[in-house]
Amino acid sequence: MSKENIWQGNTTFILAASGSAVGLGNIWKFPYMVGSNGGSAFVLVYLICILLIGLPVMASEVLIGKYGRKSPINSLKDISLKFNISFAWKYLGVLGALAGILILSYYSVFAGMAFSYIFNLFPSGLENPSSYSTNYFSDFSSSPMKLIFWHTIFLLATCFIVGLGVVKGIGRSVNLLMPFLFLFIILVSIYSGITGDINKTLIFLFNPDFSALTPQVIVSAMGQAFFSLSIGMGAIMAYGAYMPEKQLIGKTVLTIILLDTLVALAAGIAIFPIVFSNPSLSVNAGPGLIFETLPVAFYSLPYGKIFSIIFFTLISIAALSSAISLLEPFTAWMEEQKKLARKNIVLILGMLIWVVGLGSIFSFNIWTEKRILGFNFLEAIDYITNNIMLPMGGFFIALLVGWLIPYEFIRENVKFSNFQFRIFYFSLRYISTSAIILIFLYSVF
Ligand code: TRP
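Residues numbered from 1 in each chain as written. Predicted model: local features only at pLDDT ≥ 70, side-chain atom pairs only at ≥ 80, totals over all residues. Heavy atoms only, no water.

Looking now at the packing of helix α3 (residues 40-68) against helix α10 (residues 215-229). Packing of α3 against α10 brings their axes to within 8 Å, and their N-to-C directions diverge by 45°. As far as their axial angle goes, α10 and α3 are oblique. Of the two possible hands of crossing, α3 and α10 adopt the one that is right-handed. For the pair formed by α3 and α10, the contact residues are F42, V45, Y46, C49, I50, I53, G54 and M58 on the first element and V217, I218, S220, A221, M222, Q224, A225, F226, S228 and L229 on the second. Within the contact of α3 with α10, the residues separate by chemical class into 14 nonpolar, four polar and no charged. (Axes fitted to C-alpha atoms, helices over the stretch in contact; angles between N-to-C directions. Helix = DSSP H or I, 4+ residues; strand = E, 2+ residues; numbered from the N terminus. Parallel < 35°, antiparallel > 145°, perpendicular 65-115°, else oblique. Left-handed = near helix turned anticlockwise from the far one by under 90°. Contact = heavy atoms within 4.5 Å. Nonpolar A, V, L, I, M, F, W, Y, C, P; charged D, E, K, R; others polar.)

And the structure:
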C-alpha cells in the first residue's frame, strides 16, 4: 500500500473508527433496547461485554489490519502466511465483507428514514400530536416509494464518499462530520436534561435492578455490544490498514470504545428525559421509539422544532459515517483485484445493496405476510448478521489472535502497559472466546 493511503496524524483514525462505531446502533437501537430490556440491568451487562469482549476483539482487528495494510481478506491471508497458519483464515474476511453488505442493505433503509425526519415538521396547533405521529409513521412505512426514495438518497451518499477513496473520501468526511456529531449530541442531552425528567432517567439507566436480568437480556446486550462497536466483520480491520505506523493500538482502541459508550449513554440521556416527562409516552416503544414517540415529545417542548432538526441531523451524520465502514471492506478487496476502478466497484456494490434493501423495505408493507421460519425478510437478515455472522466473526478473530498468533508479536504491537496487557490477553483468550460461544449457543438453540 502506498504512503498516501495512510491517514496522517492520530485523529483521523480515531474519528473514522469512532465514526464507524457511533451510529444508529447508539442513537436509535441502544435507547430502545435499554427501554425494552428493563433499563439498568441491560446497561450493566452491556458495559461488561464492551470491556471483556468488545475491547479485545477490536484491538485484534486493528492489529491484523495494521499489520497487513490491505483489505481484511488479504490482511488475514498475509498474517496467516507469516505465522504458518492455514491461509483459509482469509475466508473469515469474506464472511465479514458479505456481512457488511447485508447489514448495509437494511441499515440504509433506517438511516434514510432518520434522514427524512429532518424534514418532518409537525404542523402547529395539532389537537392530538400522538396520533398524528403514529399515523405519519405508519403512512411512511407502508409506502414503498417513500422508503425507496430515502434509501436511495442515503445509499448514494455512502457510495459517493467510499468511491472518493480512503483519504479524500472517508478521511475528509469524518474530519468534517464527527465534530458536529459530538457537538450535537452534547447539545441535545443538555436540552433534554433541562426540559425533561432527568432524575427518572438516571435511575432508569444506572440504578441496577437485577431482577430484570434474564438470559435474554444478556444475549441482547452482547449482540448490541458487537453491533455498536462495529466488530466481527472487519470494518475496524479495514480501517486499521490506514492507521499511521506510530499510532498505539491499545490506547487508541480504548479511546474509541470510550467515545462509543459515552455517545450511547448520552443518547439515552437525550431521549429518556423527554419521554419520561410526557406521561402519555412509553420508553418501551421498541424500534418506533425515535420515529413515533420522540417527535411527539419534541412537539410539546420549547424550541422543539429546532431540536428535532438537530437530533435527526445528528442521527443522519452518525449513520453515514457508519455506513461507509460497512462498504469499505468489500470495496478495498475488489480494488486489490485490480480489475475495476474504485468508482465502478462502489457503483456495482451499491446497486446490489440497493436491491437487497428492497426486501427490507417490503417487509414493512407488501411482504409483511411473507415469512421464512417465522421471520420476515428484514428480521431474517438482521438475525443472520447480528446473531450469527458477527459473533462468529468475533469468535474466530479472538481465536486467531488469542491462540494462533505468537504472544510476543501481539505484545509488541498492541502496546498496552503491563497490567493492561495482562487483562487484555486474558479476556481475549479465555473470556471473549467462551462468552461468545455460550451466548451464541443459547441464542441459536
Ligand atoms: N456500529 C454501527 C452502529 O452502531 C453500525 C456498524 C458500522 C457496524 N459498521 C459495522 C455494525 C460493522 C457491525 C459491524 O450503528
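There is more to say after this.
With that settled, the discussion passes to the nonpolar core. In this structure, Y107, I290, F291, F311, L327, I410 and F424 are the most contacted members of the largest nonpolar core, which totals 154 residues. With 16 residues, helix α14 (residues 304-336) is the largest single contributor of residues to this core. (Core = buried A, V, L, I, M, F, W, Y, C linked by side-chain atoms within 4.5 Å. Buried < 20%, exposed > 50% of the residue type's maximum accessible area, 1.4 Å probe, protein only.)

Another aspect to go through is the packing of helix α9 (residues 198-206) against helix α12 (residues 249-276). Where α9 meets α12, the axes come as close as 8 Å, and the angle between the chain directions of the two elements is 130°. By the angle class used here, α9 and α12 are oblique. Of the two possible hands of crossing, α9 and α12 adopt the one that is right-handed. Contact with α9, carried on its side by I198, K200, T201, F204, L205 and F206, involves L265, G268, I269, F272, P273 and F276 of α12 and no other residues of that element. Taken together, the residues of the contact of α9 with α12 break down into nine nonpolar, two polar and one charged.

Here we take up the packing of aromatic side chains. Taken as a whole, this structure holds 45 aromatic pairs when the rule is applied. Ring centres of W28 and Y32 lie 5.4 Å apart, and the angle between their planes is 65°; on these two criteria the pair is classed as edge-to-face. Here the residue W28 and the residue Y32 both occupy positions in helix α2 (residues 24-36), the gap between them amounting to four residues, near one helical turn. Classification of W28 by relative accessible area gives buried; the value is 8%. Y32 sits in the buried class, given a relative accessible area of 11%. On the numbers, 3.8 Å between centres and 5° between planes, the contact of Y191 with F307 is stacked. Taken together, the residues Y191 in helix α8 (residues 166-195) and F307 in helix α14 connect sequence positions 116 residues apart. In this structure, Y191 and F307 share a single accessibility class: buried. Taken together, the aromatic side chains of Y117, F122, Y132, Y136, F137, F140, F291, F298, Y299, F311 and F312 make up a single cluster linked through ring pairs. Here the basic side chain of R411 rests over the ring of F421, its NZ or CZ set 4.7 Å away from the ring centre. (Phe/Tyr/Trp six-rings, centres within 6.5 Å; stacked < 30°, edge-to-face > 60°. Lys NZ or Arg CZ within 6 Å of the ring centre and 35° of its normal.)

Here we come to helix α1 (residues 11-21). The buried fraction of α1 amounts to ten of the eleven residues, a majority that puts the element mostly inside the structure. Of all the residues in α1, the buried ones are T12, F13, I14, L15, A16, A17, S18, G19, S20 and A21.

Glancing now at the site of the ligand. Neighbouring residues of the ligand: 16 residues in total, closest A21, G25, Y107, F227 and S230. Here F227 contributes a backbone N or O atom positioned 2.7 Å from a nitrogen atom of the ligand. Contact between the ligand and S325: a nitrogen atom at 3.1 Å from a side-chain N or O atom of the residue. Judged by the proximity of its atoms to the pocket grid, the ligand belongs to the largest cavity. (Near = heavy atom within 4 Å. Polar contact = N/O pair within 3.5 Å; in protein donor to acceptor, adjacent residues only side chain to side chain. 1 Å grid on protein atoms, 1.4 Å probe; cavity = no way out; pocket = protein on both sides within 12 Å on 5 of 7 lines; lining within 4 Å. Sits in = over half its atoms within 2 Å of the grid points.)

A few words on empty space enclosed by the protein. Taken as a whole, this structure holds two cavities of 30 Å³ or more when the rule is applied. Approximately 140 Å³ is the volume attributed to the largest cavity. In this structure, the largest cavity is lined by 17 residues; those nearest its centre are S20, Y107, F227, S230 and L326. Elements with a minimum of two residues in the lining of the largest cavity: α1, α2, α5 (90-116), α10 and α14. (Points joined across faces, edges and corners; volume = space filled by probe spheres on them.)

A few words now on α12. Look at α12: 40 Å from first C-alpha to last across 28 residues, which is about the 40 Å you get at 1.5 Å a residue. When you tally the buried positions in α12, you get 21 out of 28 residues, the bulk of the element. (Expected span 1.5 Å × (residues − 1).)

Right, let's talk about a nonpolar patch on the surface for a bit. A grouping of L44, I48, F210, L213 and I218 is seen on the molecular surface, where their side chains present a nonpolar patch of about 410 Å² in accessible area. Inspection of the secondary structure assignment puts I218 in helix α10. (Patch = residues over 30% accessible without salt bridge, like charges linked within 9 Å, V, L, I, M, F, W, Y side chains within 5 Å. Areas by Shrake-Rupley, 256 points an atom, 1.4 Å probe, with all protein chains shown as cover. Salt bridge = Lys/Arg side-chain N within 4 Å of Asp/Glu carboxyl O.)

Moving on, we come to unusual backbone geometry. Of note, the phi angle at S230 is positive, near 60°, even though the residue is not glycine. As for its position among the elements, S230 is in the loop between α10 and α11 (235-240). The backbone phi angle of L373 is positive, close to 50°, even though this residue is not glycine. The residue L373 is located in the loop between α15 (342-363) and α16 (377-404) in this model. Given a relative accessible area of 82%, L373 falls into the exposed group.

Without other data, these values stay purely geometric and don't point to any function.
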